[in-house]
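# Examining the three-dimensional arrangement
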Amino acid sequence: MSRQRIVALLAALAAVVGLAVLVPMASTASAATCASAWNASSVYTGGMAASYNGHNWSAKWWTQGETPGAADVWADQGTCDGSSGGSGGTTGGSGGCSYPAWVAGRAYVTGDIVQYTNGGYYIATHDNPGYDPTISTWYWSPYTCSGGGTTGGGTTPPSGGFVVTEAQFDQIFPNRNSFYTYSGLTAALSAYPGFATTGSDTVKKQEAAAFLANVDHETGGLVYVVEQNTSNYSHYCDANQPYGCPAGQSAYYGRGPIQLSWNFNYKAAGDALGIDLLDNPNLVQTDAAVAWKTGLWYWDTQSGPGTMTPHNAMVNGAGFGETIRSINGSIECNGGNPAEVQDRVNDYLAITSLLGVPAGSNLSC
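The shown structure was predicted, so the numbers you read here are calculated from the model rather than taken from an experiment.

Reading guide: rules and limits
Residues numbered from 1 in each chain as written. Predicted model: local features only at pLDDT ≥ 70, side-chain atom pairs only at ≥ 80, totals over all residues. Heavy atoms only, no water. Salt bridge = Lys/Arg side-chain N within 4 Å of Asp/Glu carboxyl O. Helix = DSSP H or I, 4+ residues; strand = E, 2+ residues; numbered from the N terminus. Buried < 20%, exposed > 50% of the residue type's maximum accessible area, 1.4 Å probe, protein only. Pairing = 2+ DSSP bridges. 1 Å grid on protein atoms, 1.4 Å probe; cavity = no way out; pocket = protein on both sides within 12 Å on 5 of 7 lines; lining within 4 Å. Points joined across faces, edges and corners; volume = space filled by probe spheres on them. Nonpolar A, V, L, I, M, F, W, Y, C, P; charged D, E, K, R; others polar. Disulfide = S-S within 2.5 Å. Axes fitted to C-alpha atoms, helices over the stretch in contact; angles between N-to-C directions. Parallel < 35°, antiparallel > 145°, perpendicular 65-115°, else oblique. Contact = heavy atoms within 4.5 Å. Left-handed = near helix turned anticlockwise from the far one by under 90°. Expected span 1.5 Å × (residues − 1). Arc of directions from axis to C-beta.

Another point: the pattern of salt bridges. By the definition in use, this model includes 6 salt bridges. Residues E218 and R344 are paired through a salt bridge, measuring 2.7 Å at the closest nitrogen-oxygen approach. Here R344 lies in helix α10 (residues 338–355) and E218 lies in helix α4 (residues 201–219), a separation of 126 residues in the sequence. By relative accessible area, E218 is classed as partly exposed at 22%.

Quick look at the structure:
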């Protein structure tokens, strides 16, 4: 082979090698999906993710208002798909979330999840009377339900729905009135997302059992929709309230699973739930979801004659006895009516046994 041909062959080979270096093979890997967009007003704690400027970022420690890429608190997790340029994603909530809108001035309890006006979701880390989630960051943390986890305190509701199945519900209440439907109960759960979703699996089932045990006692096994003693009906109008009793003197008798009564309770429950129960108290005995919502309203927000809400009693380990105190403690507790207390306890023991969880301590009041 001539010298010229050898030189030409080497040159051609070098060109091919150079082309291979300059034009790499197409990668089959794809960028990660973008996390929820970084929000300057949100609080992020160690391990929480956000997307910004086409990248996912992971917070190393607590931060608020520090821009990813400009502050050392954020670790770059690489490029991501689905960003919108400068903001790095949508400003809405995480995929899969379906929670009620936050309402200023409404009472929230630990574990409640809401959608804020910016489209993001927040979980209550402490009880509060409706503080702004983006301002009162000690009471709220950002929340995402994509991937089944939370970004703040609390836990994701179980994927199967309510911790008590419909078959178990039917077993607990074999003689229930057809008004008290299981679907009505599960439809009401969105009003108080922290109910039976806070804490360990055992605590979730214990809270559900405690609620249903008190409901069983109050309604004779979900048999009674309204208070049976009609002679009491006219007593439940507190005329000293500025709004009076627009539905009538005798319109505010006990209704529903925890027998909501008195005009001021109908007003408070209706305001909290966004339903006009002061003018339309009959909704509690004609709409199953509304009836269950009033029961959950009392359970999650009212301490009654006790010192804590029944919800807090169960998730903070105070015991079933404290739920009795919050519901009817002034009449039944401290020796007032031990037989009634024992009936509630017996119901609770039966339901926790059915659900396969221990009853815990402090059962009586």
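Attention now goes to the sheet that holds strand β1 (residues 32–33). Sheet strands associate in pairs through backbone hydrogen bonding, adopting either a parallel or an antiparallel arrangement. Overall, mixed pairing links the 4 strands, which are arranged β1-β6-β4-β3 in an open sheet. Lying at the two open borders of the sheet, with one neighbouring strand each, are β1 and β3 (49–52). Pairing between β3 and strand β4 (residues 55–59): 4 bridges, direction antiparallel. Bridged to A50 within β4 is W57.

Its boundaries defined by the atoms lining it, the largest pocket holds a volume of some 730 Å³. What lines the largest pocket is a set of 29 residues, among which E218, I258, Q259, I327 and N328 lie closest to the centre. Looking at the lining of the largest pocket, the elements that each hand over two or more residues are α4, α7 (288–301), α9 (320–332) and α10. The element that contributes the greatest number of residues to the lining of the largest pocket is α9, accounting for 5 residues. A breakdown of the residues in the lining of the largest pocket according to their chemical character gives 10 nonpolar, 14 polar and 5 charged.

On to the state of the cysteines. Evaluated as defined, the whole model comprises 2 disulfides. A sulfur-sulfur distance of 1.9 Å marks the disulfide that ties C237 to C245. The S-S bond linking C237 to C245 shows a torsion near 110 degrees; that makes this disulfide right-handed.

Here the phi dihedral of A196 falls at roughly 55 degrees; this positive angle occurs in a residue that is not glycine. Judged by relative accessible area, which is 2%, A196 ranks as buried. Residue W262 is not a glycine yet carries a positive backbone phi of 80 degrees. Given the relative accessible area of 29%, W262 is considered partly exposed.

Right, let's talk about the packing of helix α5 (residues 263–273) against α7 for a bit. Between α5 and α7, the shortest axis-to-axis distance is 10 Å and the interhelical angle comes to 100 degrees. Regarding the angle of α5 to α7, the classification is roughly perpendicular. Across the interface between the two elements, N265, A268, A269, A272 and L273 from α5 touch K293, T294 and W297 from α7. Here the contact of α5 with α7 is built from residues that sort into 5 nonpolar, 2 polar and 1 charged.

This brings us to the sheet that holds strand β8 (residues 121–124). Strand order in this open sheet of 3 strands is β7-β8-β9, and the pairing throughout is antiparallel. Edge strands, defined here as strands with exactly one partner in the open sheet, are β7 (113–115) and β9 (140–143). The average angle at which neighbouring strand axes cross in this sheet is 35 degrees, direction not considered. Across 4 bridges, the pairing between β8 and β9 is antiparallel. By the bridge assignment, Y122 is partnered in β9 with P142.

Before going further, it helps to examine the packing of α4 against α7. One way to put it is that α4 packs onto α7 with a least axis distance of 12 Å and a crossing angle of 115 degrees. The angle between the axes of α4 and α7 places the two elements in the roughly perpendicular class. The way α4 lies across α7 gives a crossing that is right-handed. Within the contact between the two elements, α4 uses E207, A210, F211, N214 and V215 and α7 uses W292, G295, L296 and W299.

Our next topic: α10. Counted at 1.5 Å a residue, the expected span for α10 with its 18 residues is 26 Å, and the 26 Å between its end C-alpha atoms agrees. If you check which residues of α10 are buried, you get V341, R344, V345, D347, Y348, I351, T352 and L355. For α10, the arc enclosing every buried residue in end-on projection is 160 degrees, short of the 170-degree limit, so these residues lie on one face. Every exposed residue of α10 that faces more than 90 degrees away from the buried side is listed here: P338, A339 and S353.

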